[in-house]
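Notes for the structure review
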Amino acid sequence: MSSSSNSSYRSKSLFTNQNIILASIGWGVLALLYFLLFSAKVPGADGIESRAEWYVIGTNIFEALAYLGAGILCLRNWRSPQIVSSRNVWLAIAVGMLSYFLGGIFFGYTEIVLKEEPDVSIGDVFFVLTYLSLGTGMILAVTSRRINLEKWQWLIVLAIGLFGSLLAWWISMQQARPTELLVAILNWFYVVSDVFLLIIATTLLLAFWGGRVAQSWRMIAAAAFSLYIADMWFKYAQGPNYQSGEILEVFWVFSGVLFAMGAVLEHDASLSRTRRERGRKRA
C-alpha cells in the first residue's frame, strides 16, 4: 500500500507545472536544432534536390506532439473549477489545438505516404475547425474582461493589423495562379483568419500586459504570432516544387509549444490564487 502511494506521488510530482514548462521549452529547442541541422536538401539519384523522408516525418512528429500536448493541457484548464479565465475559453482553444493535431496527421499522411500534393485534403476540415475554434476562444477571452486600451495602444493594434493584412495580400498576389475554386476559397479563408488572429493576439498582448495571470495571455499572443509567421511563409513558398520542412516551419512547433505554456501558466496562476484566498479565509 505504501509503495503504491509513493509511486503515485512520484508520478504526480513528475508532471508539475514547472516540469511541464521546462519540457515545453526543451521541445521547442530540440525542434529548432532539428530544423537547423537537418533541413538542407540533398541531391537524389535523379539529380533533384530534396529532403530526406525521415526528416520530414520528424518535423511532423515535433509539430503533432506540440499541438497534442497543448490540447490536453487546455482541456485540463477547462475541467478545472479554479481556473481564472472562462472555462469556455480553454475549451474552444483545446478544440482548436486538437483539430490542428488531427489536421497535421492527415496533411502528413497525404504528403509522405500517398506522395500527393496536399492542396486540399481531409486535413483542411480540421484546419478550418482550428481557426474557428481559436477565433472563438480568443474573442471570448477579450470580451470576458474589460478592455481599456490607451489611444496609442489602439494605434499599435491598427498598425499591426494593417501591416499583417498588406503582407498577406502581397503574398497572395505573388502566388496568384489558376486554381480550383475550393483551393482558392480555403487559401483566402486561411489568410483572413491569420490576420484576424493577429489582430486579436495584439489586443490580448496589450490588454493583459502586467501581472502574473497576464503571463499566460502573453504566451497565447506569441503563439498566434508564431502561427501567422509559419502560415505566411508556407503560403509564400508554396509551389510545384515545394517540400515541407523549411526552417521557418518551426514556428508551427513554436505555436503549439506556446499555447501549451500559456495553458500551464494560467493553471499555475489559478492554483496560486486559490491557495491565497483560502489562506485569507483561515486568517
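A brief report on the enclosed structure follows. Quick caveat: nothing in here was measured; it's all calculated off a predicted structure.

**Observations regarding the nonpolar core**
Core analysis: the largest hydrophobic core is formed by 58 residues, its most contacted members being Trp-90, Ile-93, Met-138, Leu-204, Trp-217, Leu-227 and Phe-259. If you list the elements that add at least two residues to this core, you get helix 2 (17–38), helix 3 (53–79), helix 4 (87–113), helix 5 (123–143), helix 7 (181–207), helix 8 (214–237) and helix 9 (250–282). Ranked by residue count, the leading element in this core is helix 9, at 11 residues. The residues contacting Trp-217, other than those within four sequence positions of it, are Ser-85, Val-89, Trp-90, Ile-93, Ala-141, Arg-145, Leu-204, Phe-208 and Glu-266. With seven residues, the next largest nonpolar core counts Ala-168, Ile-171, Val-195 and Leu-198 among its residues.

**Overview of the side chain of Glu-249**
Mapping Glu-249 onto the fold places it in the loop between helix 8 and helix 9. For Glu-249, which is buried and forms no salt bridge, the nearest opposite charge comes from Arg-51, at a distance of 6.5 Å. Residue contacts for Glu-249: discarding those within four places in its chain leaves Phe-35, Trp-233, Phe-234, Tyr-242 and Ser-244.

**Quick word on the side chain of Thr-203**
Mapping Thr-203 onto the fold places it in helix 7. The class of Thr-203 is buried, set by a relative accessible area of 7%. The residues touching Thr-203, leaving out its near neighbours within four places in the chain, are Leu-149 and Val-157.

**Describing a nonpolar patch on the surface**
Among the surface-exposed residues, Ile-25, Val-29, Leu-30, Leu-32, Leu-33, Leu-36, Leu-37, Phe-38, Trp-54, Ile-229, Ile-247 and Leu-248 lie close enough to one another that they form a single nonpolar patch of about 1,100 Å² accessible area. Looking at the nonpolar patch element by element, the count peaks at eight residues for helix 2. Within the secondary structure, Val-29 is located in helix 2.

**Comments concerning the packing of helix 4 against helix 8**
Between two packed helices, both the angle of their axes relative to each other and the distance between the axes serve to describe the pair. Following both chains from N to C, one finds helix 4 and helix 8 inclined at 30°, their axes separated by 14 Å at the closest point. In terms of orientation, helix 4 and helix 8 fall into the roughly parallel class. Read as a crossing pair, helix 4 and helix 8 show a hand that is left-handed. Here Val-89, Trp-90, Ile-93, Tyr-100 and Phe-107 of helix 4 lie close against helix 8, whose contacting residues are Trp-217, Ile-220, Leu-227, Asp-231 and Phe-234.

**Quick word on helix 5**
A rise of 1.5 Å per residue sets the reference length of helix 5, with its 21 residues, at 30 Å; its end C-alpha atoms lie 30 Å apart and thus fit the reference within 8%. Buried residues of helix 5: Gly-123, Asp-124, Phe-127, Thr-130, Tyr-131, Ser-133, Leu-134, Gly-135, Gly-137, Met-138, Ala-141 and Val-142, and no others.

**Regarding the packing of aromatic side chains**
Applying the stated rule across the entire model yields 21 aromatic pairs. Plain terms: the ring middles of Phe-38 and Trp-54 are 5.5 Å apart, the flat faces sit at 70° to each other, and that makes the pair edge-to-face. Of this pair, Phe-38 sits in helix 2 while Trp-54 is found in helix 3, placing the two residues 16 residues apart along the sequence. Aromatic pair Tyr-131 and Tyr-190: ring centres 5.6 Å apart, planes at 45°, arrangement tilted. With Tyr-131 in helix 5 and Tyr-190 in helix 7, this residue pair connects regions lying 59 residues apart in the sequence. An identical accessibility class is assigned to Tyr-131 and Tyr-190; each is buried. Aromatic ring contacts, followed pair by pair, group Trp-27, Tyr-34, Phe-35, Phe-38, Trp-54, Tyr-55 and Phe-62 into a single cluster.

Parameters at a glance
- Residues numbered from 1 in each chain as written.
- Predicted model: local features only at pLDDT ≥ 70, side-chain atom pairs only at ≥ 80, totals over all residues.
- Heavy atoms only, no water.
- Core = buried A, V, L, I, M, F, W, Y, C linked by side-chain atoms within 4.5 Å.
- Buried < 20%, exposed > 50% of the residue type's maximum accessible area, 1.4 Å probe, protein only.
- Helix = DSSP H or I, 4+ residues; strand = E, 2+ residues; numbered from the N terminus.
- Contact = heavy atoms within 4.5 Å.
- Lys, Arg positive; Asp, Glu negative; His and termini not counted.
- Salt bridge = Lys/Arg side-chain N within 4 Å of Asp/Glu carboxyl O.
- Patch = residues over 30% accessible without salt bridge, like charges linked within 9 Å, V, L, I, M, F, W, Y side chains within 5 Å.
- Areas by Shrake-Rupley, 256 points an atom, 1.4 Å probe, with all protein chains shown as cover.
- Axes fitted to C-alpha atoms, helices over the stretch in contact; angles between N-to-C directions.
- Parallel < 35°, antiparallel > 145°, perpendicular 65-115°, else oblique.
- Left-handed = near helix turned anticlockwise from the far one by under 90°.
- Expected span 1.5 Å × (residues − 1).
- Phe/Tyr/Trp six-rings, centres within 6.5 Å; stacked < 30°, edge-to-face > 60°.

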